[in-house]
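# Structural overview for review
Each chain, letter by letter, is given below.
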Amino acid sequence: MSTSNFLSPVEFKLVFARLPNTEFYVQQINLPGIGSGYAERSTPFKNIYTPGDKLIFDDLNITVVADENLTSFRECWNWLTAVTRSEGFTGYSGLGAPQVGDSNRTNTDGGGAMSDASLLIMNSNKNVNIKLSFTDCFPITVGPIQLNTSDSDVVPPTFDVTFKYSSYTIDV
């Protein structure tokens, strides 16, 4: 039997091609859960359950420390506003969308409405041990930043970002 250390909750890195500055300020991330539906068949004696045919992925939630220039906040904000085109069709220009006929519907270089992401979890030697690859991510919320002059300690403000994605894989 090999000896294994506990997973360290502080040794990780989140990499988005679309958010190059944000990766340095990610403070918290959840490892999203998955589930599936099920089918219920009624019988005269008891209900019988069979596995569902679709996976349901929980949202990817991150907490980001706000830098003094709001660089990470603006990256997330710009992506969300470009995806939703809240100011008309000019919002498309913020996406850097692929050209018509491009066979890549997901850009790993950060262009387009969606971006792939990787969560790198380090081992006790600070080497990448596990890689979670998220496909077709896009933001659905960028949370508020609270500024408070009554705090006695200087704690950097944070904000939350929630992403939807198509799927993720785990590579060890």
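The structure presented is a predicted model; accordingly, all values stated were derived computationally and were not measured. (Residues numbered from 1 in each chain as written. Predicted model: local features only at pLDDT ≥ 70, side-chain atom pairs only at ≥ 80, totals over all residues. Heavy atoms only, no water.)

## Re the pattern of salt bridges
In this structure the tally under the stated criterion is 3 salt bridges. Ionic pairing is found between Lys13 and Glu23, a salt bridge with its closest N-O pair at 3.3 Å. Here Lys13 is found in strand S1 (residues 12-16), whereas its partner Glu23 is found in the loop between S1 and strand S2 (26-29), with 10 residues between them in sequence. Residue Glu23 is classed as buried on the basis of its relative accessible area, which comes to 17%. Close ionic contact of Lys164 with Asp59 constitutes a salt bridge, the shortest N to O distance being 2.6 Å. A residue pair is termed long-range when its members are at least 10 positions apart, and Lys164 in strand S8 (residues 158-164) and Asp59 in the loop between strand S4 (48-57) and strand S5 (60-65) qualify at 105 residues. (Salt bridge = Lys/Arg side-chain N within 4 Å of Asp/Glu carboxyl O. Helix = DSSP H or I, 4+ residues; strand = E, 2+ residues; numbered from the N terminus. Buried < 20%, exposed > 50% of the residue type's maximum accessible area, 1.4 Å probe, protein only.)

## Here's the deal with the packing of aromatic side chains
Under the counting rule described, the total for this entry stands at 10 aromatic pairs. An angle of 55° between the planes, with centres 6.0 Å apart, marks the rings of Tyr165 and Tyr168 as tilted. Here the aromatic cluster, defined as three or more aromatic residues joined through ring pairs, consists of Phe57, Phe134, Tyr165 and Tyr168. (Phe/Tyr/Trp six-rings, centres within 6.5 Å; stacked < 30°, edge-to-face > 60°.)

The values are spatial; any link to function lies outside them.
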